[in-house]
Amino acid sequence: MRGGSSERLVVRSSRRRGETRAKLTRYITIVLATILCGGGSALLFLVPLYADPALSALAADFDPTPAECVTERRDDRLGLDNCTWASCREGCTSDAYKCTQLHVKYKAYNHEWRPAVLFVNIKGCGYPPVVDCTNFTLNYGYVGARYPCYWSRADTTVVVPRWSRGEQVATVTRTLALPLFLSGCAGIGLCALHCECRPHRRRRHPRRPPRIPTLSPDDTSVYRLA
C-alpha cells in the first residue's frame, strides 16, 4: 500500500510540473509574440516617417560647410498638375493641391552663383512640430531673403536650410536599431521554445571489426606445408 501511494504522489507531482511548464511556456510565447508584432508594427510606422527621410538625406551627401543662399523667385501654384513638387508640405502621403515653390541661388567656396530649389528637407515634406511650413515660408519665402543653406553634392540643384549628419545618423539608429533588436530577440526566443534550431548531427556508427576469413581443412593443410 505504501508503495502504491508513493507512486501516485510521484505521478501527481510530475503532472503538476508538466502543467506549470506548459502554462509558463504559453505565457512566455504570448509575451514574445507581442514583442515581435510590436517591433514589426513600429518598423512599419517609423521607417516611412523618420528612417526613410534620414537615409535619403544621407544619400544626398550635403556639403557640411554652409553656402550663401538668396531667394530669387516664389511661385504659389494651384492644381495637382502644377504642384508636382513643393518647397514645404505638411504631410507626405497625400498629393498637394496648393503649393509654394522657392527658387534660389547659392554660392559655395567663393564660386559662381548656382541656381537651385529650396526644400525644407530632402523630401520637401514632414509633420508638425518638426516641419512648420508657415514659419518656413515667412523666413525664406520672400524675394531677396539671405540665409545660409546646404547644397547636395549628389544633386547640385537641391539646397536645404538645415543639415546635421550626426542628427540624421542618430535618427536612423533610434528608429531602426531598437525595433530590430527587440524583434530579433523575440524571434530567437520563439524559435528556442517551439523549434529545433540546432542542426542535426549525424550519428557515427561504430566501426565493425574486419571479418577474418574462415579456412577449410584443405587450406590449412596447404599453409602447414608452406
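Small disclaimer: the values here were computed from a predicted structure and weren't measured.

Criteria and thresholds
- Residues numbered from 1 in each chain as written.
- Predicted model: local features only at pLDDT ≥ 70, side-chain atom pairs only at ≥ 80, totals over all residues.
- Heavy atoms only, no water.
- Helix = DSSP H or I, 4+ residues; strand = E, 2+ residues; numbered from the N terminus.
- Buried < 20%, exposed > 50% of the residue type's maximum accessible area, 1.4 Å probe, protein only.
- Pairing = 2+ DSSP bridges.
- Arc of directions from axis to C-beta.
- Polar contact = N/O pair within 3.5 Å; in protein donor to acceptor, adjacent residues only side chain to side chain.
- Patch = residues over 30% accessible without salt bridge, like charges linked within 9 Å, V, L, I, M, F, W, Y side chains within 5 Å.
- Areas by Shrake-Rupley, 256 points an atom, 1.4 Å probe, with all protein chains shown as cover.
- Salt bridge = Lys/Arg side-chain N within 4 Å of Asp/Glu carboxyl O.
- UniProt positions renumbered as here; feature names shortened; annotations may be inferred.
- 1 Å grid on protein atoms, 1.4 Å probe; cavity = no way out; pocket = protein on both sides within 12 Å on 5 of 7 lines; lining within 4 Å.
- Points joined across faces, edges and corners; volume = space filled by probe spheres on them.
- Nonpolar A, V, L, I, M, F, W, Y, C, P; charged D, E, K, R; others polar.

Caption draft 1: Fine view of the environment of Phe136. Here Phe136 lies in helix 2 (residues 133–140). For Phe136, a relative accessible area of 5% translates into the label buried. Between the alpha carbons of Phe136 and Ser87 there is a distance of 9.1 Å; along the sequence they are 49 residues apart.

Caption draft 2: Summary view of the pairing of strand 4 (residues 114–118). In this sheet, strand 4 lies alongside strand 3 (residues 98–107) in antiparallel orientation, the contact comprising four bridges. Of the residues in strand 4, the one forming a bridge with Tyr106 is Arg114. Hairpin geometry of strand 3 and strand 4 is characterised by an intervening segment of six residues between the two adjacent antiparallel strands and by a positive phi of about 55° at Tyr109. Two elements, strand 4 and strand 7 (residues 158–160), share two bridges in a ladder whose sense is parallel. When the bridges of strand 7 are listed, Val117 appears paired with Val158.

Caption draft 3: Broad picture of helix 2. Those residues of helix 2 that sit buried are Cys133, Phe136, Thr137 and Tyr140. The buried residues of helix 2 occupy an angular sector of 95° when the element is viewed end-on, so they sit on one face. Opposite the packed face of helix 2, turned more than 90 degrees from it, sit the exposed residues Thr134 and Leu138. Near the N-terminus of helix 2, the side chain that reaches the backbone nitrogen of Thr134, with its oxygen 3.3 Å away, is that of Asp132.

Caption draft 4: Representation of a nonpolar patch on the surface in the model. On the surface, Leu24, Tyr27, Ile28, Val31, Ile35, Leu178, Phe181, Leu182 and Leu193 cluster together to form a nonpolar patch covering roughly 820 Å² of accessible area. Broken down by secondary-structure element, the contributors of at least two residues to the nonpolar patch are helix 1 (2–60) and helix 3 (165–194). Among the elements that line the nonpolar patch, the one with the most residues is helix 1, at five residues. Positionally, Leu24 belongs in helix 1.

Caption draft 5: Main features of the pattern of salt bridges. This model, assessed by the stated rule, comprises nine salt bridges. Between Arg153 and Asp61 there is a salt bridge whose closest N-O contact spans 3.0 Å. One end of the pair, Arg153, is in the loop between strand 6 (146–151) and strand 7; the other, Asp61, is in the loop between helix 1 and strand 1 (67–78), with 92 residues separating them in the sequence. Note that Asp76 is salt-bridged to Arg74, the shortest N-O span being 3.2 Å. Here Asp76 falls in the exposed class, since its relative accessible area comes to 53%. Each of Asp61, Asp63 and Arg153 takes part in salt bridges that share partners, so that together they form one network.

Caption draft 6: Focus on unusual backbone geometry. A cis amide bond, omega 0°, links Pro128 with the succeeding residue Pro129. Look at Tyr109: it is not a glycine, yet its phi comes out positive at around 55°. Turning to its location among the elements, Tyr109 is positioned in the loop between strand 3 and strand 4. Judged by relative accessible area, which is 45%, Tyr109 ranks as partly exposed.

Caption draft 7: Representation of the UniProt feature "transmembrane region" (unreviewed entry) in the protein. Per the UniProt record, the feature "transmembrane region" (unreviewed entry) sits at residues 24–51. With 100% helix and 0% strand, residues 24–51 has its two end C-alpha atoms placed 37 Å apart.

Caption draft 8: Just the layout of surface pockets, in detail. A volume near 950 Å³ is recorded for the largest pocket. Around the largest pocket, the lining comprises 34 residues; the ones closest to its centre are Val120, Asn121, Cys125, Val130 and Val131. Sorting the residues of the lining of the largest pocket by element identifies helix 1, strand 5 (125–126), helix 2 and helix 3 as the ones contributing at least two each. Of all the elements, helix 1 adds the most residues to the lining of the largest pocket, at seven residues. Counted by class, the lining of the largest pocket contains 21 nonpolar, eight polar and five charged residues. Volume-wise, the second largest pocket comes out at about 150 Å³. Contributing to the lining of the second largest pocket are Leu80, Cys83, Thr84, Trp85, Ala86, Arg89, Asp95, Ala96, Cys99, Phe119, Lys123 and Gly124. Its residues assigned to classes, the lining of the second largest pocket shows seven nonpolar, two polar and three charged.

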